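Here's the letter readout for the chains.
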Amino acid sequence: MAVRIAWLASHRTVLLLAVAALVGAAAPVAVTWLTRGVIDQIVAGGPAGLLVGLATGLALAGVVTATLPQLDQYLQAELNRAASLTAIERLHGSVGRLIGLVRFEQPAFLDRLQMAVMAERGPGDVVAGGLGAARSVLALGGFLVSLVVISPVMAVVVVVAAIPVLVAELALSRRRADLTFTISPNERRELFYRELLLRANAAKETRLFGITGFLRGRMLTERRTADAARRALDRRELAVQGGLALLGAVVAGGGLVWAVRAARQGDLSIGDVALFIGATAGVQSALSNAIGQFTLLHQKFLIFDHYRAVVTGPPDLPVAAHPRQAPPLREGIELRNVWFRYTPDGPWALRGVTLTIPVGRATALVGRNGSGKSTLIKLLCRLYDPERGAVYWDGIDLRELDPASLRERVTAVFQDFVEYDLTAAENIGVGDVTAVDDEDRIRTAARRAGVDDELAALPAGYRTLLSRIFLTEADREDPTTGVVLSGGQWQRLAVARAFMRDGRDLMILDEPSSGMDAEAEYRIHAGLQRHRAGRTSVLISHRLGSVRNADVIAVMDDGVVVEEGTHVDLMNADGIYAHLFLLQATGYLDDRATAEAAP
Ligand SMILES: Nc1ncnc2c1ncn2[C@@H]1O[C@H](COP(=O)(O)OP(=O)(O)OP(=O)(O)O)[C@@H](O)[C@H]1O
């Protein structure tokens, strides 16, 4: 796969690198043979023409040897750029195709993802490394032939001495790849602490509570743990590679002594000695290069395996053989005995929920913290699948629908909505990306969410960037490049974003007004009430005053729906809802009574 990505990214560069590898392999071998020829011709007083020819050849080979590395480096960088772009595109394409949230909550997947991101340069490295290894092997062949000509015994000794090097290096390479994976959780945690320490929106709390030192300590502990593992491997490498280098030097030194003695006895010419020295050094360096390249390649392949696993992995949620397009909602959405938990051995978040969300009606979900309200709406969007039971869209199990077509029919304000570092207009426009530049629609949505005036009054109006992440130092001085909104303003922006998807079949509102001031909250609920009339909506709110007009109020407790009906029904039933409602109402009345009693 790595080679295919590199080939697809730029086959011209791959071919040029292959030619460079061939020339790179031939040049040093040619240099040793030409050197031998020149020396022997000088000693024997050979013809001047031949000598000049050999010397010119030697000079040319020298030019190629000197300039080739630069060209090679440029081609490798070019291939890396092209191949990693293709690899990034594929990786993010695969991650973007994940249907639900399950994978993003699995530490093993996140570790693998981190490795996959690191492997983005893999295809270029694998091809360049493979060609580098091929070049070293070719050069090795050339030098070995040269060595065999002078001393077959020495050739065998050099090759045999290389076998332990290969075995040891491959073992080290596997250990290095394993280490990268083992320390991945430490690296992720270190990154988390580092980002927390540098994040503007965490700074107020970390300073007030005086926990920067505590967090820094944790960050450094993670780094030290990872460094200790890296150091242990580095020491092992030092011992193994040091020993092997010594072995190589002893072999080369022994060979040199033999060659000098042979020349003294007249068995070798001076040119032969030069060839022998060049060939021995050449064999050893080509061998160590080849082994180095192979082990690096091996390591890259092991790391690239994580990339391959992410890109070719199975879907996170089962996909129907023939998914159906979600039809317009005509009757309603039904949850039948839905059981769900976030992890296979974790506690149940939903334990047998049965509920109908009728079309054209406003349904409200209320209940204590952790009772399962947000979980239920995540299942409505098929961000997770129930473990038992099912959710039906007009009688069709959500698992049979094409998830994208289902989501096309839904709009939502999530409790933890995203604050995009984009312009105000884009923050709203991404609600319907086909209309991200449609100023009229964006302003209409903002007006309905009650945030139009504030956005129009920003330094660059709707084009103001809603971020304090400055691109350049000059941006810091320019107020139009970054503005920070308040929590309630952001929330109204999120509501406007949901309004961009006007006319969808289902509107989900999870605590859409929790951070708003009383007036904004009143206005937003009045607006939402108008908007929800005759439409299908699900509203989650702890402020029970805002749900009393809903057509159906479902009360959740400990993962089940325990009460269901209109406000009047539930008040008459005198259950959890009535208790919570009276508790809130009493709070307000008490305050009024206190205020009235005040002098
Ligand atoms: N991503 C998650 N992974 C594991 N457990 C989760 C996750 N999200 C929620 N839970 C657990 O599921 C249960 C239900 O949570 P949920 O967010 O649905 O409650 P809620 O009724 O919306 O609460 P709140 O009123 O506080 O928003 C809780 O016990 C919670 O700890």
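If you're wondering where the values come from, they're calculated on a predicted model, not measured in any experiment. (Residues numbered from 1 in each chain as written. Predicted model: local features only at pLDDT ≥ 70, side-chain atom pairs only at ≥ 80, totals over all residues.)

With that settled, consider the UniProt feature "transmembrane region" (unreviewed entry) in the protein chain. Within this numbering scheme, the UniProt entry marks residues 50-71, 153-172 and 238-260 as carrying the feature "transmembrane region" (unreviewed entry). This span, residues 50-71, is 100% helix and 0% strand, and a straight line between its end C-alpha atoms measures 31 Å. Note that residues 238-260 is 100% helix and 0% strand, and that its end C-alpha atoms are spaced 33 Å apart. (UniProt positions renumbered as here; feature names shortened; annotations may be inferred. Helix = DSSP H or I, 4+ residues; strand = E, 2+ residues; numbered from the N terminus.)

Inspection of the secondary structure assignment puts Val 353 in strand β2 (residues 350-358). Judged by C-beta crowding, with 24 C-beta atoms within 10 Å, Val 353 ranks as buried. Sequence spacing of Val 353 and Ala 390 is 37 residues, and the spatial spacing of their C-alpha atoms is 9.7 Å. Residue contacts for Val 353: discarding those within four places in its chain leaves Leu 335, Val 338, Leu 376, Val 560 and Val 561. (Buried ≥ 20, exposed ≤ 12 C-beta atoms within 10 Å, placed from the backbone. Contact = placed C-beta atoms within 7 Å.)

The next subject is unusual backbone geometry. For Glu 511, which is not a glycine, the phi torsion comes out positive at approximately 50°. Residue placement: Glu 511 occurs in the loop between β7 (506-510) and α18 (518-532). Although it is not a glycine, Asp 574 sits at a positive phi angle of roughly 60°. Take Asp 574: it is sitting in the loop between α19 (567-573) and α20 (576-597).

Two elements, strand β1 (residues 332-340) and strand β4 (residues 388-393), share 5 bridges in a ladder whose sense is antiparallel. Across the sheet, Ile 333 pairs through a bridge with Trp 393, a residue of β4. Here β4 runs beside strand β5 (residues 396-397); their pairing, made up of 2 bridges, is antiparallel. Each residue of the ladder has a partner; that of Trp 393, found in β5, is Ile 396. Connecting β4 to the antiparallel partner β5 that follows it, the hairpin turn spans 2 residues, and Asp 394 within it adopts a positive phi of roughly 50°. (Pairing = 2+ DSSP bridges.)

Right, let's talk about the confidence of the model for the protein chain for a bit. A residue-level look at the protein chain finds 95% of positions with pLDDT of 70 or above and a mean pLDDT of 86. As a predicted assembly, this complex carries a pTM of 0.74 together with an ipTM value of 0.97. (pLDDT = per-residue confidence, 0-100.)

Right, let's talk about helix α14 (residues 439-448) for a bit. Taken together, the buried positions of α14 are Ile 442, Ala 445, Ala 446 and Arg 448. Each buried residue of α14 lies within a common arc of 165° when the element is viewed along its axis, so the set occupies one face. Looking at the buried residues of α14, the elements they touch are α13 (424-429), α15 (452-456), α17 (487-500) and α18. Once α14 ends, the next one or two residues include Gly 450, with phi positive near 70°. (Arc of directions from axis to C-beta.)

To continue, consider the domain arrangement of the protein chain. When its domains are assigned, the protein chain resolves into domain 1 (2-312), domain 2 (332-409 + 504-597) and domain 3 (420-486). For domain 1 versus domain 2, the separation of C-alpha centres amounts to 59 Å. Contact residues are listed per partner, giving 5 residues for domain 1 and 5 residues for domain 2. (Domains from an automatic or database assignment.)

Soluble globular proteins tend to pack their nonpolar side chains together in the buried interior. In this structure, Ile 428, Ala 496 and Ile 553 are the most contacted members of the largest nonpolar core, which totals 65 residues. Top element by residues in this core is α17. It accounts for 7 residues. Looking at which domains feed residues into this core, each of domain 2 (332-409 + 504-597) and domain 3 (420-486) supplies at least three. Aside from chain neighbours lying at most four places away, what touches Ile 428 is Ile 442, Ala 445, Ala 446, Leu 493, Ala 496, Arg 497 and Met 500. In this structure, Ile 5, Ala 27, Met 115 and Met 154 belong to the second largest nonpolar core, which totals 58 residues. (Core = buried A, V, L, I, M, F, W, Y, C linked by C-beta atoms within 7 Å.)

Turning to the sheet that holds β2, a few remarks are in order. What holds strands together in a sheet is hydrogen bonding between their backbones, with the strands either parallel or antiparallel. A sheet is described by the order of its strands in space; here 4 strands give the open sequence β2-β1-β4-β5, paired in antiparallel fashion. The open sheet has two edge strands, β2 and β5, and neither has a second partner. Here β1 pairs with β2 via 7 bridges, running antiparallel. Bridge assignment links Val 338 to a residue of β2, and that residue is Val 353. Where helix α11 (residues 373-380) meets the sheet, its contacts fall on β1, β2 and β4, and the angle it forms with β1 comes to roughly 120°. (Axes fitted to C-alpha atoms, helices over the stretch in contact; angles between N-to-C directions.)

Two quantities define a packed helix pair, namely the angle between the axes and the distance from one axis to the other. The contact between helix α6 (residues 152-182) and helix α9 (residues 212-264) brings their axes to 11 Å, and the two run at 170°. Relative to α9, the element α6 lies roughly antiparallel. Judged by residue contacts, Met 154, Val 157, Val 158, Ala 161, Pro 164, Val 165, Ala 168, Leu 172, Arg 175, Arg 176, Leu 179 and Thr 182 of α6 engage Ala 229, Arg 230, Leu 233, Glu 237, Val 240, Leu 244, Leu 247, Gly 248, Val 251 and Gly 255 from α9. Of the residues that constitute the contact of α6 with α9, the class distribution is 15 nonpolar, 3 polar and 4 charged. (Parallel < 35°, antiparallel > 145°, perpendicular 65-115°, else oblique. Nonpolar A, V, L, I, M, F, W, Y, C, P; charged D, E, K, R; others polar.)

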